[in-house]
Amino acid sequence: MGVALGAAFARIGESVRFASRKPGRELAPGVKSCAFDDLETADLIVLATLWEDTRSLLGQAPSLEGKIVMSCVNSSTRDTPITVGLTNSAAEEIARWAPGARVVEALNGTYAEAVDLAPNLPERQTVLYCGDDRDARDTVGSLIHRLGFDPLDAGPLRSARYLEPLAQLVVYLVRQAGYGPMGIHHVWPRTAL
């Protein structure tokens, strides 16, 4: 998802860098990786990590105070489908692990295959997002729109408690019920939201 989003943001004219343990590699066309310290100059950070690696990676980053952190992280591991939910969320944990960051949960229920087509999606799909900072939510909502999706503001960060289990439902529909990453919008039509 991180590579797909980085390439999609580059296609809409955003300056993109990937923070990596191995800086200098080209991870998407025209997009190179950088050191974690380079995050200090970023306006917006997209967190698209495995849940089990997230806390450790945040610990390697410089202070994220005041920065918008868009989390696409789902609270699942290979062994446990939901590690938090209903009373907590991965996004809320991330906000605690990155004090002062303006965390917005977004695109965690969207497949990379859809992002790969952005901003030229065959049909607009709704993307729910939430966060406690209104300006940060507006910034992320605008980016979602520019990527060719229909943004739907789901309110405060605690709404991630519902968005993350919804993302798990999407995973089930795509992987087990056979709808496929691009067929999911037929199951969850835009008008239903």
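What you see is a predicted model; the values in this text were computed from it and never measured. (Residues numbered from 1 in each chain as written. Predicted model: local features only at pLDDT ≥ 70, side-chain atom pairs only at ≥ 80, totals over all residues. Heavy atoms only, no water.)

Undergrad: Even after reading the chapter, I still don't get helix 2 (residues 51-60), so can you show me in this structure?
TA: Residue pairs three or four apart in sequence face the same way in an α-helix, which turns once every 3.6 residues. Within the span of helix 2, buried status applies to Trp 51, Thr 54, Leu 57 and Leu 58. Along the axis of helix 2, the buried residues cluster in a sector spanning 100°; they form a single face. The outward face of helix 2, more than 90 degrees from its buried face, is lined by the exposed residues Arg 55 and Gly 59. Where helix 2 is buried, its residues contact strand 4 (44-47) and helix 3 (90-97). (Buried < 20%, exposed > 50% of the residue type's maximum accessible area, 1.4 Å probe, protein only. Helix = DSSP H or I, 4+ residues; strand = E, 2+ residues; numbered from the N terminus. Arc of directions from axis to C-beta. Contact = heavy atoms within 4.5 Å.)

Undergrad: Looking at this structure, how should I read unusual backbone geometry?
TA: Negative phi is the rule for most residues except glycine; trans is the rule for most peptide bonds. That bond from Ala 118 to Pro 119 is cis: its omega, 5°, falls within 30 degrees of zero. The topology assignment puts Pro 119 in the loop between helix 4 (112-117) and strand 7 (126-131). In this structure, Leu 107 is a non-glycine residue whose phi angle is positive, near 65°.

Undergrad: Explanation requested: the packing of aromatic side chains in the structure shown.
TA: A ring pair, where both rings are aromatic, is described by two values, the distance of the centres and the angle of the planes. Applying the stated criterion across every chain yields a total of 1 aromatic pair. A ring pair is formed by Trp 51 and Trp 97, whose centres lie 5.4 Å apart and whose planes are at 25°; its orientation type is stacked. With Trp 51 in helix 2 and Trp 97 in helix 3, this residue pair connects regions lying 46 residues apart in the sequence. (Phe/Tyr/Trp six-rings, centres within 6.5 Å; stacked < 30°, edge-to-face > 60°.)

Undergrad: Quick question: what am I supposed to make of the pattern of salt bridges here?
TA: Under the criterion given, the structure shown has 8 salt bridges. Arg 146 serves as the salt-bridge partner of Glu 14, at 2.7 Å between the closest nitrogen and oxygen. Of this pair, Glu 14 sits in the loop between helix 1 (2-11) and strand 1 (18-19) while Arg 146 sits in helix 5 (residues 134-146), placing them 132 residues apart in sequence. Of the residues examined, Arg 146 reaches a relative accessible area of 33% and is grouped as partly exposed. Here Arg 134 and Asp 138 are joined by a salt bridge, their closest N and O atoms 3.6 Å apart. Placement of both Arg 134 and Asp 138 in helix 5 is noted, with a separation of 4 residues, approximately one turn of the helix. (Salt bridge = Lys/Arg side-chain N within 4 Å of Asp/Glu carboxyl O.)

So, to be careful, I would describe these as geometric facts and stop short of saying anything about function.
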